[in-house]
Amino acid sequence: MSELRFFEELGAELERAARADTDGRASSARRPVWLAAVVVALLLLAGVAAAAVLLIRQGQPLPGPPTGALGADVRPLPGSVRLAGLDAPDPAGGPRWDIRRSRSATGETCTAVGQIVNGRFGILGLDGVFRRLGLGGVDACGVRGIAGPVLAGARVFIGRTEAQARTVVNGIAGNDARSVSVYGPGGVRRLRLGPDGSFITVYAGYVEDVRPKIVVVDRDGRRYTVDLANSHTLQTADPQGGAPWNVTGGADLSGDAYPDEECSQVQRSSVPPEPGVPGQAVRPPVLATPATSQVCGRLAIDPLFVAMQRFVPGDERTGQWYWFDNPARTIVWGAAAPRVSSLELKTATGGSRGVPIDRRDGAFAVVLDGGEDPGSLELIAHLADGQTIDFKGSANLWSAEGAPVSAPPTPTRGSPNPFARGRGSPVARPIASTRPSPSDCTPPIPPEGRPGRYGAGKNHRLKEQASPAPTHESAITASRPGSSSTGELPGRSRAASRSRSALPTLRARNHRRSPSCSARHISRTLIRMPRRLHGS
Amino acid sequence: MDDANAFMALYVREREPVMVFVARRTLDVSVAADLTAETFALALRSWVRLADRSDLEKRAWLFTVARRQVSGYLRHARVERRAVERLGIRVPQMHEDDVAVIEERAGLRELREALQGELARLSRDQREALRLRVVEDRSYEEVAAALGISQQAARARVSRGLRALAHALEPQRAAREASR
């Protein structure tokens with residue numbers, strides 16, 4: 001193992017320390033005059049070479065978030081932090097950019113972007129001061145799902161002018177990535193891949209102007225597209241119109257989950273939130289939105305898992321979901337493996353409709369009027385090999401205890417089931433009016449689903465959040481995969497802050513036993529920290 | 001031979017065995033690199049006491065320290081760096097090529113596969129207890145609360161789980177050592 005650079009470099013450090021300990025003073029006294037002259041000459045030469053860099057002043061390092069504020073899933077392990085060495089150029093010729101990778105205690109891959117000055121990793125502020133980024137600071141963490149890159153997103157740095165702003169497109173495409181291209185202003189950029197398929201490229205301007213689209217091609221030629229300026233959560237329409245429903249899916253990250261276990265959940269979007277604005281408090285989630293339970297299945301074993309269930313006003317299951325007093329709905333939701341090419345849902349009336357699949361995580365859902373009997377529904381899966389499989393009722397579900405189950409958790413009825421024989425119906429509209437909105441019946445749906453809304457969200461991975469003290473936006477973030485964070489750095493003008501749209505979530509991941517997936521489905525993170533933490 | 005040369009001779013002789021020893025116990029080459037550096041830094045700081053000992057004794061001393069480093073890391077989920085910091089040693093970053101070589105020489109891939117298989121054989125209770133205690137670094141009090149059992153029972157589950165894993169992996173370790 002003597003050829004390893006690590007051993008050689010560590011050996012040099014140890015030898016230096018050993019010699020300093022034993023004969024350092026003596027050797028210093030014996031150092032010849034000519035050697036001192038050479039050292040001075042070298043310093044002078046180095047001084048000339050580094051003159052440009054020295055113009056950049058060094059500020060106090062940006063601290064990472066308090067250790068206690070980060071969960072184990074976003075806390076970098078000591079020793080796992082390393083630079084990708086990609087050296088992406090800055091559009092205005094500033095210090096080059098790189099991506100810093102690390103691994104969390106739970107095995108997630110984490111990234112942070114920054115610039116390199118004198119071999120140090122940090123950010124050059126608009127005040128011309130370079131500040132190092134603490135090791136604890138990460139932008140995003142993620143794990144590999146059933147397909148596609150581990151992480152893909154962009155980090156936005158605010159400037160006084162559009163030209164000063166930076167959109168740093170970056171991510172981890174994984175070792176099986178063959179190429180990563182980014183489509184943006186000026187055409188396509190084919191990016192150099194670093195360790196673990198890490199990539200980074202930097203644009204001048206804000207993300208909604210740059211509108212980058214990341215295309216990852218893996219070894220088998222499969223393409224994964226992450227359109228940062230457009231699509232977001234897969235959404236499906238409500239049969240009576242109004243707010244759509246968000247469909248979230250992703251790998252089950254609980255420690256005892258099977259590696260191929262995925263989960264899916266549907267939640268109605270609340271009042272559309274305003275895009276997050278630096279300097280404004282993060283809007284808390286609206287709790288009155290109804291949601292299904294989270295169901296899980298194993299996509300290496302089964303082509304899909306699906307739950308078909310009717311929810312009526314008052315339905316709830318403590319700690320899992322609440323239906324509140326929302327009108328009754330019959331919902332079909334789950335996730336499909338990549339080998340499922342399309343889905344079709346047949347209703348009792350003989351109607352048939354295509355069901356869009358979110359190709360990023362396999363999630364799908366259809367929301368029907370509560371008059372639709374879930375027992376009469378039939379989901380037909382068309383597989384890539386030409387095979388067709390019919391599903392009547394819930395199928396291929398796995399419980400939180402890791403065993404197959406025949407149905408999702410049963411609600412505790414808060415009010416009588418209006419569809420039970422002999423009972424009146426509290427739904428606002430008669431069953432006969434059940435009709436999906438036109439936009440929900442228009443196959444084929446684009447692979448990414450329909451565009452959703454951008455919104456600010458609370459980062460539930462942080463135990464501490466939103467200090468009431470005077471705050472200052474920090475560049476330190478910890479976010480879900482594919483999320484972006486808009487940070488305002490010391491030296492980057494606050495006055496220039498403006499509403500910035502966030503980026504799509506590449507892969508929503510849900511923790512089992514969670515009250516709501518959507519609450520964790522963060523599209524943007526603004527962590528507000530007391531000003532004193534920045535040493536300013 | 002002066003002290004610095006003697007110390008460097010020890011380093012060159014033992015750096016690989018120490019690294020492999022630590023890597024196989026942490027399953028993480030980066031962590032192993034940090035712990036190896038700390039182990040040799042401690043040896044340097046203790047050189048006055050070590051210098052006159054035999055090579056065998058020095059080796060035993062090194063591995064005892066390395067074992068303690070691993071134990072501390074597993075207990076606190078952080079790498080101790082006191083000795084390297086006091087000596088002003090900058091622990092070099094691991095290069096990608098180095099990681100691959102060390103992983104291969106420590107047989108980490110096979111070990112991870114074996115561990116995965118053995119973990120699947122554990123009872124669900126033991127697996128969950130291990131996950132909470134080892135992966136999530138929860139205290140026994142928290143493990144007990146999460147599992148709805150007493151602290152004593154939580155300790156027993158973790159301990160039995162670890163013992164079962166160690167027992168299951170023993171043949172592999174013996175085979176590896178025999179092949180050297």
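Residues numbered from 1 in each chain as written. Chains lettered and ligands numbered in written order. Predicted model: local features only at pLDDT ≥ 70, side-chain atom pairs only at ≥ 80, totals over all residues.

**Structural notes on the overall build of chain B**
Okay, step 1: Scanning chain B from terminus to terminus reveals 10 helices and zero strands.
Okay, step 2: Mapped from its N terminus to its C terminus, chain B presents α and β elements in the order α-α-α-α-α-α-α-α-α-α.
Okay, step 3: The proportion of buried residues among the 180 residues of chain B is 34%.
Okay, step 4: Contacts spanning at least 24 positions in sequence make up 69% of the contacts within chain B whose residues lie at least 6 apart. (Helix = DSSP H or I, 4+ residues; strand = E, 2+ residues; numbered from the N terminus. Buried ≥ 20, exposed ≤ 12 C-beta atoms within 10 Å, placed from the backbone. Contact = placed C-beta atoms within 7 Å.)

**A word on the overall build of chain A**
Okay, step 1: Along the backbone of chain A there are five helices and 33 strands.
Okay, step 2: The buried share of chain A, reckoned over its 536 residues, is 48%.

**A closer look at the packing of helix α1 (residues 3–26) of chain B against helix α2 (residues 29–45) of chain B**
Residues and elements named next belong to chain B.
Okay, step 1: Packing of α1 against α2 leaves a shortest axis separation of 9 Å and a crossing angle of 140°. Crossing handedness for the pair α1 and α2: right-handed. Seen from α1, the contacting residues are Phe7, Leu10, Tyr11, Arg15, Val18, Met19, Val22, Ala23 and Thr26; seen from α2, they are Val29, Val31, Ala32, Leu35, Thr36, Thr39, Phe40, Ala43 and Leu44.
Okay, step 2: Its residues assigned to classes, the contact of α1 with α2 comprises 14 nonpolar, three polar and one charged. (Axes fitted to C-alpha atoms, helices over the stretch in contact; angles between N-to-C directions. Left-handed = near helix turned anticlockwise from the far one by under 90°. Nonpolar A, V, L, I, M, F, W, Y, C, P; charged D, E, K, R; others polar.)

**A few points about helix α7 (residues 108–121) of chain B**
Side chains of residues three or four places apart in an α-helix project in the same direction, reflecting 3.6 residues per turn.
Okay, step 1: Look at α7(B): 20 Å from first C-alpha to last across 14 residues, which is about the 20 Å you get at 1.5 Å a residue.
Okay, step 2: Burial of α7(B) is sparse: only one of the 14 residues sit out of reach of the surface. (Expected span 1.5 Å × (residues − 1).)

**So, the nonpolar core**
Okay, step 1: Counting residues in hydrophobic clusters, the biggest one holds 46 residues, and the most contacted among them are Val156(A), Val168(A), Ala173(A), Val180(A), Ile200(A) and Ile214(A).
Okay, step 2: Among the elements that take part in this core, strand β8 (residues 151–157) of chain A stands out by supplying five residues, more than any other.
Okay, step 3: Counting 45 residues, the second-largest nonpolar core is a separate cluster that includes Met8(B), Ala41(B), Ala83(B) and Val91(B). (Core = buried A, V, L, I, M, F, W, Y, C linked by C-beta atoms within 7 Å.)

**Let's talk about the sheet that holds strand β19 (residues 304–311) of chain A**
Residue and element names in this part refer to chain A.
Okay, step 1: The three strands lie next to each other as β19-β22-β25, forming an open sheet whose pairing is antiparallel. The two strands at the open ends of the sheet, each matched to only one other strand, are β19 and β25 (363–369). Averaged over all adjacent pairs, the angle separating strand axes in this sheet is 10°, with direction ignored.
Okay, step 2: Bridge analysis of strand β22 (residues 329–336) against β25 gives seven bridges, and the strand direction is antiparallel. What sits directly across from Trp333, in β25, is Ala365. (Pairing = 2+ DSSP bridges.)

**Side note on the interface of chain A and chain B**
Okay, step 1: Across the boundary between the two partners, chain A contributes 26 residues, which contact 38 residues of chain B.
Okay, step 2: The element contributing the most residues to the side of chain A that touches chain B is helix α1 (residues 5–22) of chain A, with 13 residues.
Okay, step 3: Counted by class, the side of chain A that touches chain B contains 13 nonpolar, six polar and seven charged residues.

**Considerations on the pairing of β8(A)**
All names here are of chain A.
Okay, step 1: Counting buried positions along β8 gives seven out of seven residues, so the element sits mostly inside the fold.
Okay, step 2: Two strands pair when backbone bridges link them, and β8 and strand β9 (residues 166–172) are joined in this way by seven bridges, in the antiparallel orientation. Each residue of the ladder has a partner; that of Ala154, found in β9, is Val169.

**Focus on the sheet that holds strand β11 (residues 187–190) of chain A**
All names here are of chain A.
Okay, step 1: What the four strands build is an open sheet, ordered β11-β10-β13-β14; its pairing is antiparallel. Looking at which strands have only one partner, the edges of the open sheet turn out to be β11 and β14 (223–227). The average undirected angle you get between the axes of adjacent strands in this sheet is 20°.
Okay, step 2: Summarising the sheet, strand β13 (residues 213–218) and β14 pair through five bridges and their orientation is antiparallel.

**Focus on the pairing of strand β5 (residues 120–124) of chain A**
Residues and elements named next belong to chain A.
Okay, step 1: Burial analysis of β5 places four of its five residues in the buried class, the great majority of the element.
Okay, step 2: One ladder, built from three bridges, connects strand β4 (residues 109–117) with β5; its direction is antiparallel. Along β5, the bridge assignment pairs Val117 with Arg120.
Okay, step 3: Relative to strand β6 (residues 129–132), β5 is paired through three bridges, and the arrangement is antiparallel. Within the sheet, the bridge partner assigned to Gly122 lies in β6 and is Arg132.
Okay, step 4: Two successive antiparallel strands, β5 and β6, enclose a turn made up of four residues, where Gly128 displays a positive phi of approximately 80°.

**Points about the environment of Arg24(B)**
All names here are of chain B.
Okay, step 1: Within the secondary structure, Arg24 is located in helix α1.
Okay, step 2: Arg24 sits in the partly exposed class, given 17 other C-beta atoms within 10 Å.
Okay, step 3: When the C-alpha positions of Arg24 and Arg105 are compared, they lie 9.9 Å apart, and in sequence the two are 81 residues distant.
Okay, step 4: Setting aside its immediate chain neighbours within four residues, Arg24 contacts Ala106 and Leu111.

**Considerations on unusual backbone geometry**
All names here are of chain A.
Okay, step 1: At Asp196, a residue that is not glycine, the phi angle is positive and equals roughly 60°.
Okay, step 2: Along the chain, Asp196 falls in the loop between β11 and β12 (198–204).
Okay, step 3: Judged by C-beta crowding, with 17 C-beta atoms within 10 Å, Asp196 ranks as partly exposed.
Okay, step 4: Even without being glycine, Asn396 reaches a positive phi, approximately 60°.

**A few points about the confidence of the model for chain A**
Okay, step 1: For chain A, the average pLDDT comes to 66, and 57% of its residues sit at 70 or higher.
Okay, step 2: The low-confidence segment residues 271–287 of chain A, where pLDDT is below 50, has 41 contacts with residues more than four positions distant or belonging to other chains. (pLDDT = per-residue confidence, 0-100.)

**Focus on the confidence of the model for chain B**
Residue and element names in this part refer to chain B.
Okay, step 1: Per-chain confidence: chain B averages 82 in pLDDT, with 89% of residues scoring 70 or above.
Okay, step 2: When pLDDT is averaged over each element of chain B, α2 comes out on top at 91 and helix α10 (residues 151–178) at the bottom at 72.
Okay, step 3: The ipTM, which scores confidence in the relative placement of chains, is 0.78 for this predicted complex, and the corresponding pTM is 0.35.

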